[in-house]
Protein chains: 2
Amino acid sequence: MGVHFECPKFPIGLLVLCLFASLIIAPSVEARIRTYNWEAKYEYKSPDCYKKLIITINGKSPGPSILARQGDTIIVNLKNSLLMENVAIHWHGIRQIGTPWSDGTEGVTQCPILPGETFTYKFDVDRPGTYLYHAHYSMQRDAGLYGSIRVSPNNGSAEPFTYDYDRSIILNDWYHKSAYEQATGLSSQNFEWVGEPESLLIQGKGRFNCSPSNADVCNSTNPECSPYVLTVVSGKTYRLRIASLTSLSALNFEIEGHNMTVVEADGHYVEPFVIKNLNIYSGETYSVLVRADQDPSRNYWAAINVITRKPETPTGLAIFNYYPNHPRKLPPTTSVPAGPLWNDTDYRLEQSRAIKAHHDYNDRPPPTTDRMIIFLNTQNTIDGYRRWSVNNVSFFFPHTPYLIALKENLTHVFDQTPPPTGYNFTNYDIYSVPENHNATNSSSIYRLQFNSTVDIILQNTNMMNRDSSDTHPWHLHGHDFWVLGYGKGKFDPFKDPKNYNLVDPIMKNTVPVHRYGWTALRFKADNPGVWAFHCHIESHFHMGMGVVFEEGVEKVGELPQSIMGCGEIKGFHRP
Amino acid sequence: MGVHFECPKFPIGLLVLCLFASLIIAPSVEARIRTYNWEAKYEYKSPDCYKKLIITINGKSPGPSILARQGDTIIVNLKNSLLMENVAIHWHGIRQIGTPWSDGTEGVTQCPILPGETFTYKFDVDRPGTYLYHAHYSMQRDAGLYGSIRVSPNNGSAEPFTYDYDRSIILNDWYHKSAYEQATGLSSQNFEWVGEPESLLIQGKGRFNCSPSNADVCNSTNPECSPYVLTVVSGKTYRLRIASLTSLSALNFEIEGHNMTVVEADGHYVEPFVIKNLNIYSGETYSVLVRADQDPSRNYWAAINVITRKPETPTGLAIFNYYPNHPRKLPPTTSVPAGPLWNDTDYRLEQSRAIKAHHDYNDRPPPTTDRMIIFLNTQNTIDGYRRWSVNNVSFFFPHTPYLIALKENLTHVFDQTPPPTGYNFTNYDIYSVPENHNATNSSSIYRLQFNSTVDIILQNTNMMNRDSSDTHPWHLHGHDFWVLGYGKGKFDPFKDPKNYNLVDPIMKNTVPVHRYGWTALRFKADNPGVWAFHCHIESHFHMGMGVVFEEGVEKVGELPQSIMGCGEIKGFHRP
């Protein structure tokens, strides 16, 4: 995108301002340090008309966007003003090369940030692309602590597509129960499932169908209770950076009457392809180009619908507003976009497979792997609690974060037994309700040889109800991986690798494993640190659906004192 | 009380059990270590029929009672299973001699206990009497974390009264909003007052008037939704240990048709006096003797009513059940006890003044003081926030607890300017709405000379609304004080001390200052440590109505690592 900036003929004061603005916008040669001072606190807000306490950053949810340039250093001074709850923020998609303690994953890379305290995150944004940030402490992401990170390419490096305007839009599902009510229900022996969300949000705005009986907390005339409006100028092309941070739902995004060209996925350029609608799973980001090429005398719906689970939540709606139509003018169409069939797995599999690396930006994977680990994803009952497991091991955090425990050789703080690298491939029927009598809770982790190549196979199964299999988006911290393939049924470790795409696989940090299917990934264990890899469905990770990888921890520099203070690492240190 | 225990003629197994039980009950010569393993977690409960998440200990609220003997050592291993919230427990009335780090006051004597962690409290119970425990972190006490401590006299030391049975009853007021919703409302610039409680609880049980419209959360047929029953045998005498842990309300307790004899207050024996009903303020404990001397063919109401604030909460009711009447048989009286007039300050003042030390247990105060500090209690607006202040200083906690900061000489972590020891006595009109333009927030503390005698005058005033003055129960940690006098209007430091009761003042740890009145206290600063002194109304302390005293901190032994982990004291210590 060529930046061009014209200062119109304005009075001298405005002209100076404009020239100053053009200086800011002009590409800078040097990497910059960008400092943000943020305060996280609970505030009453009504994102979908229903008033509840949500976590804001500087008064907003979604929080302020981080807009940076490749190579910049980001400093976020985060004050926790939550009164009773701790907090931590993960910088989703940022690999934290050289700064593994800034990954913001409570229990893995840091102790939680206590109420009243200010914690400083400092990291480099080394690649252009679309990233996210969100709470990574218990289920706090559900409370509204999330936002966008947009990294522009370095001075001089072009992108393989052009557009006129750039917009970030985060999709979400929304619950009226608080995060701690949800977490408590999931952690109880009287298991209470979170249920389907009350509404869907587009860039923090949605609409719950308020009834008169809850008029005290639900006010549809509240100014907060209005749809997100994306105003476009006819003939212009828009880069929409679409991200999902849903708690539970997979979504399908579409703009009535407009095609979209997919050009970026999780910070990697995609060989462009055109779609009518986009399937997007929690933790994923996409850039799509949309040209405002339809009848400009009206507005259009932008819509999100629940897929992969039977929808019980109304379509989430925004207004795709052609200037100069009034932004509140509703589209004339009587029915809103309904999205594809929620249970059309083939359709989703097809779109997943269509995402490939752009031919000019194709960083090919190593042709072979050093290690293959198969992760069977199962729902279990352990000691009377409903849990999710990986190879029959359900994850829980130790009290001392792994990064500190490993760096300081505190081997007693977590389970040292290596977790299983596969499952009973011969006998396990992925289409049956699991028995899994031997599932256990464990804090054990996978230790990877530094610089080795690792293949991960995500293997989906039947859940504890008959004929049910959920879709799980898995997110890897600290790395991107190549997506080597998706398949149906049980992965065959002898046959299926022969069909891997080793030519132009996309790199991503989050990928779905489809119903009763498998997904194969490859990554280089080349980032010294300790990294979570987990289902990005908030309740699933809370219920144990995750693992932790360690690689090259001996190469990690001195840990900052600020990440300490929990478990075994409380004490007095004179600065 | 003479313990007598008879083993009936039962089969041999039960006989052995009974003999074993009698061994447990028989006075032991040696002090014992009593160890409790507790887990604090959120659970859905319906204490007043309305279902909400409350904090339980081992599944209960009120939590398990601590029953001990004078001289015993109590060890509580407290596991925080709250998922997102920290916790700390204060042992209310226990002076923590030699163990100031076990006082459980987050921000003063310890860092908070993080989710997943287990913290060990260890302290001696050096005096017989009726004490309490409760959360001392943000407003978590409101969430239901509280219970009783009952300490019997040492082997050989008799009490100055006799009774047949001993019962602990905690009174409380109850809100349907969560503690974090309440705290957030109070801490917001859009100030939201907590309002009057929805119901009153007697030993954790009450009744909210459920309407059909909230049938999903309010179920009056829920077995939890039943009144507390105190079963008595005609002719027997009951020691009722009545304690209040209300968030806001002062209460009046009575048992229909039965007089009560007050014999203990906050662990000190009282010169007995007879009352028809008991005024009790949050943080106070009393023992009253009640003889079951009325018509035994029926049951009677035990009732609590709100006083000092205009009641908007229905009377809290329990059943005083004469055996063998059915415990659910309602008393025949059509109207429940209504208590005294809520605004009869003279009546309450009179009862406060009637509480004097028992003539055989009268530990007289020093006849003079080394220092007098007057605490003017005012409501203020500071930087747009509604606060409470003491001498125009509104208290807030530093990030590093005072005990650690003082012991480790971290003078930069809190305000070192000594706070004011009085107010503008000549010009301040306690009957007017305060102006107090100069009120400030501060973390400064009062440093007391070790072993000195200190007088504190609590001076009440008008609040920010005209013609309004609240009653504040102030609680002192780490000490008991002599209550030298109560007065109306403005305390006169030259005249009023002449009328102090220096002959037989009661010692207490919590005392009210009545509307537009004053209360004078004296204590010896002889307990090395750092101690909070604050209004026991949860929202008032949250809004800054408290101070901190330091004395002899240089005599405090080595601090345990377990209290660290926040503020400046995070770090790695190899055990």
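Computed from a predicted model, the values in this text were never measured in an experiment. (Residues numbered from 1 in each chain as written. Chains lettered and ligands numbered in written order. Predicted model: local features only at pLDDT ≥ 70, side-chain atom pairs only at ≥ 80, totals over all residues. Heavy atoms only, no water.)

Brief notes about the relation of the copies chain A and chain B
Between the two copies, chain A and chain B, the superposition gives an RMSD of 0.0 Å; the rotation angle is 180° and the shift along the axis is 0.0 Å. Such a turn and shift between the copies fits a two-fold axis. Among all residues of chain A, the one whose C-alpha sits closest to the rotation axis is Gly565(A), at a distance of 1.9 Å. A symmetric contact is evident, with 100% of the interface residues of chain A recurring at the interface of chain B. (Least-squares fit on C-alpha atoms with pLDDT ≥ 70 in both. Contact = heavy atoms within 4.5 Å.)

Looking at the state of the cysteines
Residue and element names in this part refer to chain B. Following the criterion strictly, the structure yields 6 disulfides over all chains and no others. Two residues share a disulfide in this structure: Cys210 and Cys218, whose sulfurs sit 1.9 Å from each other. Negative torsions about the S-S bond denote left-handed disulfides, and the value of about -65° found for Cys210 with Cys218 makes this one left-handed. (Disulfide = S-S within 2.5 Å.)

Considering the nonpolar core
Trp38(A), Trp91(A), Tyr121(A), Trp38(B), Trp91(B) and Tyr121(B) are the most contacted members of the largest nonpolar core, which has 118 residues in total. The residues contacting Trp38(B), other than those within four sequence positions of it, are Ile57(B), Asn58(B), Pro64(B), Ile66(B), Val76(B), Asn77(B), Leu78(B), Lys79(B), Ile89(B), Trp91(B) and Tyr133(B). (Core = buried A, V, L, I, M, F, W, Y, C linked by side-chain atoms within 4.5 Å. Buried < 20%, exposed > 50% of the residue type's maximum accessible area, 1.4 Å probe, protein only.)

A look at the interface of chain A and chain B
Tallying the contact residues gives 43 residues for chain A and 43 residues for chain B. Interface of chain A and chain B: buried area, both sides summed, is about 4,000 Å²; carbon and sulfur atoms make up 57% of it. Inspection of the region where chain A meets chain B yields 4 salt bridges. Here Glu117(B) ties to Lys570(A) by a salt bridge, and the two come within 2.8 Å at their closest N and O atoms. Mapped onto the side of chain A that touches chain B, the elements with two or more residues apiece are β1 (33-45) and α2 (179-186) of chain A. Looking at which element gives the most residues to the side of chain A that touches chain B, the answer is α2(A), with 5 residues. Taken together, the residues of the side of chain A that touches chain B sort by class into 18 nonpolar, 15 polar and 10 charged. (Buried area = accessible area lost by both parts, 1.4 Å probe. Salt bridge = Lys/Arg side-chain N within 4 Å of Asp/Glu carboxyl O. Helix = DSSP H or I, 4+ residues; strand = E, 2+ residues; numbered from the N terminus. Nonpolar A, V, L, I, M, F, W, Y, C, P; charged D, E, K, R; others polar.)

Points about the UniProt feature "domain: Plastocyanin-like" (unreviewed entry) in chain A
Taken from the UniProt record, the annotation "domain: Plastocyanin-like" (unreviewed entry) applies to residues 41-155, 168-324 and 424-552 of chain A. With 5% helix and 43% strand, residues 168-324 of chain A has its two end C-alpha atoms placed 22 Å apart. (UniProt positions renumbered as here; feature names shortened; annotations may be inferred.)

Focus: the sheet that holds strand β3 (residues 66-69) of chain B
All names here are of chain B. As summarised here, the arrangement of the 4 strands in space is β3-β8-β7-β5, forming an open sheet in which the pairing is mixed. Whereas interior strands pair on both sides, the edge strands pair on one side only; in this sheet they are β3 and β5 (89-92). The average angle at which neighbouring strand axes cross in this sheet is 20°, direction not considered. (Pairing = 2+ DSSP bridges. Axes fitted to C-alpha atoms, helices over the stretch in contact; angles between N-to-C directions.)

What to know about the sheet that holds strand β5 (residues 89-92) of chain A
All names here are of chain A. What the 4 strands build is an open sheet, ordered β3-β8-β7-β5; its pairing is mixed. Each end of this open sheet is capped by a strand with a single partner; those strands are β3 (66-69) and β5. Each strand of the sheet is rotated relative to its neighbour by a mean of 20°, with strand direction disregarded. Sheet topology places β5 next to strand β7 (residues 129-135); 4 bridges connect them, and they run antiparallel. Counted as the bridge partner of His90 is His134 from β7.

Quick notes on the confidence of the model for chain A
When pLDDT is low, close inspection of the predicted coordinates is not appropriate. Of all residues in chain A, 94% have pLDDT values of 70 or greater, and the mean over the chain is 93. Considering only residues more than four positions removed or in separate chains, one finds that residues 1-28 of chain A, a stretch of pLDDT under 50, has 20 contacts. (pLDDT = per-residue confidence, 0-100.)

Structural notes on helix α3 (residues 345-354) of chain B
All names here are of chain B. For α3, the set of buried residues is Thr345, Arg348, Leu349, Gln351 and Ser352. Down the axis of α3, the buried side of the element spans an arc of 165°, and every buried residue falls inside it. Looking at the buried positions of α3, the neighbouring elements they touch are β15 (268-275), β16 (278-280), β18 (300-307), β27 (481-488) and β29 (510-513). (Arc of directions from axis to C-beta.)

Focus on the side chain of His134(A)
You can see His134(A) is positioned in strand β7. In contact with His134(A), not counting residues within four places along its chain, are Ala88(A), Ile89(A), His90(A), His92(A), Arg141(A), Leu145(A), Tyr146(A), Leu245(A) and His536(A).

Concerning the side chain of Ser226(A)
Residues and elements named next belong to chain A. Within the secondary structure layout, Ser226 lies in the loop between β10 (199-202) and β11 (229-232). Of the polar contacts made by the side chain of Ser226, one reaches the side chain of Lys205; its length is 3.3 Å. Beyond its immediate sequence surroundings of up to four residues, Ser226 is in contact with Lys205 and Arg328. (Polar contact = N/O pair within 3.5 Å; in protein donor to acceptor, adjacent residues only side chain to side chain.)

A look at the domain arrangement of chain A
All names here are of chain A. What the domain assignment lists for chain A is domain 1 (33-152), domain 2 (165-354) and domain 3 (371-563). Each of domain 1 and domain 3 has a C-alpha centre, and the two are 24 Å apart. Contact with domain 1, which involves 26 residues of that partner, is made by 34 residues of domain 3. Between domain 1 and domain 3, the buried area comes to about 2,300 Å², and carbon and sulfur atoms account for 61% of it. Per-residue buried area on domain 1 facing domain 3 is highest for Trp101, Val108 and Arg141; these three make up 27% of the total on that side. Our count for the domain 1 to domain 3 interface comes out at 2 salt bridges. Residue Asp480 is joined to Arg127 by a salt bridge in which the shortest nitrogen-to-oxygen separation is 2.7 Å. (Domains from an automatic or database assignment.)

Some remarks on the environment of Ile97(A)
Inspection of the secondary structure puts Ile97(A) in the loop between β5 and β6 (118-124). The residues contacting Ile97(A), other than those within four sequence positions of it, are Asp126(A) and Asn527(A).

Considering unusual backbone geometry
Residue Ser61(A) is joined to Pro62(A) through a cis peptide bond whose omega torsion reads -5°. Its place among the elements puts Pro62(A) in the loop between β2 (52-57) and β3. Positive phi is not limited to glycine here, since Cys49(A) has a value of about 90°. Residue position: Cys49(A) is located in the loop between β1 and β2. Relative accessible area serves as the criterion here: at 0%, Cys49(A) is assigned to the buried category. Within the chain, Gln203(B) stands out as a residue other than glycine whose phi angle is a positive 50°. Residue placement: Gln203(B) occurs in the loop between β10 (199-202) and β11 (229-232).

Regarding the environment of Tyr175(B)
Residues and elements named next belong to chain B. Turning to its location among the elements, Tyr175 is positioned in the loop between β9 (165-174) and α2 (179-186). Judged by its relative accessible area of 4%, Tyr175 falls in the buried class. In this structure, the C-alpha to C-alpha distance between Tyr175 and Pro112, residues 63 residues apart in sequence, is 24 Å. Not counting chain neighbours up to four residues away, the residues in contact with Tyr175 comprise Lys52, Gln182, Val194, Gly195, Glu196, Pro197, Glu198, Ser247 and Leu248. A polar atom in the side chain of Tyr175 sits 2.8 Å from the backbone oxygen of Gly195.

Here's the deal with the pairing of strand β25 (residues 453-459) of chain A
All names here are of chain A. Burial within β25 is extensive, with 7 of its 7 residues counted as buried. The side-chain alternation of β25 yields two buried faces, one formed by Thr453, Asp455, Ile457 and Gln459 and the other by Val454, Ile456 and Leu458. As defined by bridge partners, strand β20 (residues 371-382) adjoins β25 across 6 bridges and the pair is classed as parallel. Bridged to Phe375 within β25 is Leu458. Direction of pairing for β25 relative to strand β30 (residues 517-524): antiparallel, over a ladder of 7 bridges. Within β30, the position partnered with Ile457 by the bridge is Ala520.

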